[in-house]
Amino acid sequence: MNAHKLIDGKAAAGRVLAQVKKEVADLVIDGINPCLAVILVGEDPASQVYVRNKVLRAEESGILSIEHKLSADTSEAKVLNLIHVLNSDPAVHGILLQLPLPKHIEETRALQAIDPRKDVDGFHSENVGGLSQGRDVLTPCTPTGCMYLLRETLGDLRGKHAVVVGRSNIVGKPMAALLLQADCTVTVLHSRSRNPQDLARQADIVIAAVGRPRMIDASWLKPGAVVIDVGINRIQDGDRSRLVGDVDTDDVLSLVSAVTPVPGGVGPMTIAFLMKNTVIAARQQFKAQQPSEAACLSIS
Ligand code: NDP
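Definitions and limits used
Residues numbered from 1 in each chain as written. Predicted model: local features only at pLDDT ≥ 70, side-chain atom pairs only at ≥ 80, totals over all residues. Heavy atoms only, no water. Near = heavy atom within 4 Å. Polar contact = N/O pair within 3.5 Å; in protein donor to acceptor, adjacent residues only side chain to side chain. Areas by Shrake-Rupley, 256 points an atom, 1.4 Å probe, with all protein chains shown as cover. Helix = DSSP H or I, 4+ residues; strand = E, 2+ residues; numbered from the N terminus. Core = buried A, V, L, I, M, F, W, Y, C linked by side-chain atoms within 4.5 Å. Buried < 20%, exposed > 50% of the residue type's maximum accessible area, 1.4 Å probe, protein only. Domains from an automatic or database assignment. Contact = heavy atoms within 4.5 Å. Pairing = 2+ DSSP bridges. Axes fitted to C-alpha atoms, helices over the stretch in contact; angles between N-to-C directions. 1 Å grid on protein atoms, 1.4 Å probe; cavity = no way out; pocket = protein on both sides within 12 Å on 5 of 7 lines; lining within 4 Å. Points joined across faces, edges and corners; volume = space filled by probe spheres on them. Nonpolar A, V, L, I, M, F, W, Y, C, P; charged D, E, K, R; others polar.

*Asks:* Go over the site of the ligand with me, naming the residues and quoting the values.
*Replies:* In the neighbourhood of the ligand, 21 residues make up the surrounding shell, with Arg167, Ser168, Ser191, Arg212 and Thr270 lying closest. Measuring from an oxygen atom of the ligand, one finds a backbone N or O atom of Ile232 at 3.0 Å. For the ligand, whose unbound accessible area comes to 930 Å², protein coverage reaches 71%. Considering each element in turn, the shell around the ligand owes the most residues, three residues, to helix H10 (residues 266-289).

Printed below as a string of structure tokens:
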């Protein structure tokens, strides 16, 4: 039985959330109540579940949450206006715009409207650019959660060869940037890559972020690799539907040294780091409001 090789994302998320709860309590003592505003446009069932879970985790962590549920036909102008109102509300520290948006709303325009300091998803170009420059910015929750799991599993990541399968803006690219920041040697594969299996077989770490059920099997991996499965795919299994990842876990388990399961791997980490980012954003906004040391000296 190789169950001990499964990385327990639920337990790791619990540890992150326990830390978040402590940090929230400290901020409350300083007179600041971290607050996350969540905007959901439309009735997409998966998005409704994600939003419900995020609000629940926020409440458990002591973070205030405000839900803005808008009908699917809400105009882009109305959504942008709501974002501007939340940007200028000092009681709101984080803004999450649940994706995907209805087709008539331009995703980039809406994400760019969020104040980068409140951009707890790390999707604003200022934060994306900051990440690629190695600045201390809000980073996307899913790849940040993957980094946490990798550090817990492997410790020092320096010099490891990491292969990221997928190059989306929300997972693959920021994942590659974070691995590079951790001094890994990084290869990014995508749908046009030649001989992807041969390249992936050289890796110490494989991150699967493709969106294709069980695509990565043992033929993609070298013995002892650590595999992080970001994929969430709903498949039909007889008369029931269930979630599987991008990795064929049963096939790879005897080969790898560790792999995240789906569900119970990366998913819980994404929400935990959304809470962590909200606390970071609240603390930074609080600090920015404090008079600087230089200003205090010039007053005294
Ligand atoms: P996208 O569809 O935006 O990107 C998929 C990427 O995979 C693309 O870069 C694409 O390449 C690449 N790709 C597709 N087919 C192949 C192939 N045969 N070989 C190599 N690369 C391929 O997906 P996301 O990044 O948004 O999400 C990926 C998965 O992660 C999904 O299952 C999603 O549900 C899940 N997810 C899970 C989260 C979590 O919290 N656990 C959070 C976010 C996403 P190209 O660019 O060339 O098209």
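*Asks:* So what about the nonpolar core? Which residues, and what values?
*Replies:* Formed by 55 residues in total, the largest nonpolar core has its most connected members in Leu150, Leu179, Ile207, Ile228 and Met275. Take this core: its biggest share by element is eleven residues, from H10. Split by domain, the residues of this core number at least three in each of domain 1 (32-119) and domain 2 (141-267). Ignoring sequence-local partners within four residues, the contact set of Ile207 consists of Leu150, Val163, Val164, Val165, Met175, Leu179, Ile228 and Val230. In terms of nonpolar packing, the next biggest core, distinct from the first, is built from 20 residues, Leu86, Val92, Ile105 and Phe123 among them.

*Asks:* Go over the sheet that holds strand S7 (residues 226-229) with me, naming the residues and quoting the values.
*Replies:* Across the sheet, which stays open at both edges, the five strands sit in the order S5-S4-S6-S7-S10 with parallel pairing between neighbours. At either margin of the open sheet sits one strand with a lone partner, and together these are strand S5 (185-189) and strand S10 (258-259). Where S7 meets S10, two bridges bridge the pair, whose relative direction is parallel. Across the sheet, Val227 pairs through a bridge with Val259, a residue of S10. Along the sheet, helix H6 (residues 141-154) makes contact with strand S6 (205-208), S7 and S10, crossing S7 at roughly 155°. Relative to strand S4 (residues 161-165), helix H7 (residues 172-181) is tilted by about 170°, and along the sheet it contacts S4, S5 and S6.

*Asks:* Let's hear about the environment of Arg201: which residues, and what values?
*Replies:* Note on placement: Arg201 falls in the loop between helix H8 (196-200) and S6. In this structure, the C-alpha to C-alpha distance between Arg201 and Pro223, residues 22 residues apart in sequence, is 8.6 Å.

*Asks:* Let's hear about the layout of surface pockets: which residues, and what values?
*Replies:* Empty space within the largest pocket amounts to approximately 1,400 Å³. Along its surface, the largest pocket is lined by 45 residues, and Tyr50, Thr142, Ile232, Gly267 and Thr270 are the ones closest to its centre. Per-class residue counts for the lining of the largest pocket are 26 nonpolar, twelve polar and seven charged. The residues that make up the lining of the largest pocket include at least three from each of domain 1 (32-119) and domain 2 (141-267).

*Asks:* Let's hear about the side chain of Asn87: which residues, and what values?
*Replies:* Along the polypeptide, Asn87 turns up in helix H3 (residues 76-87). The exposure class of Asn87 is buried, given its relative accessible area of 16%. Engagement of the side chain of Asn87 in a polar contact is seen with the backbone oxygen of Ala113, the distance being 2.8 Å. In this structure, Asn87 is in contact with Ile95, Ala113, Ile114, Asp115 and Lys118, ignoring residues within four places of it in sequence.

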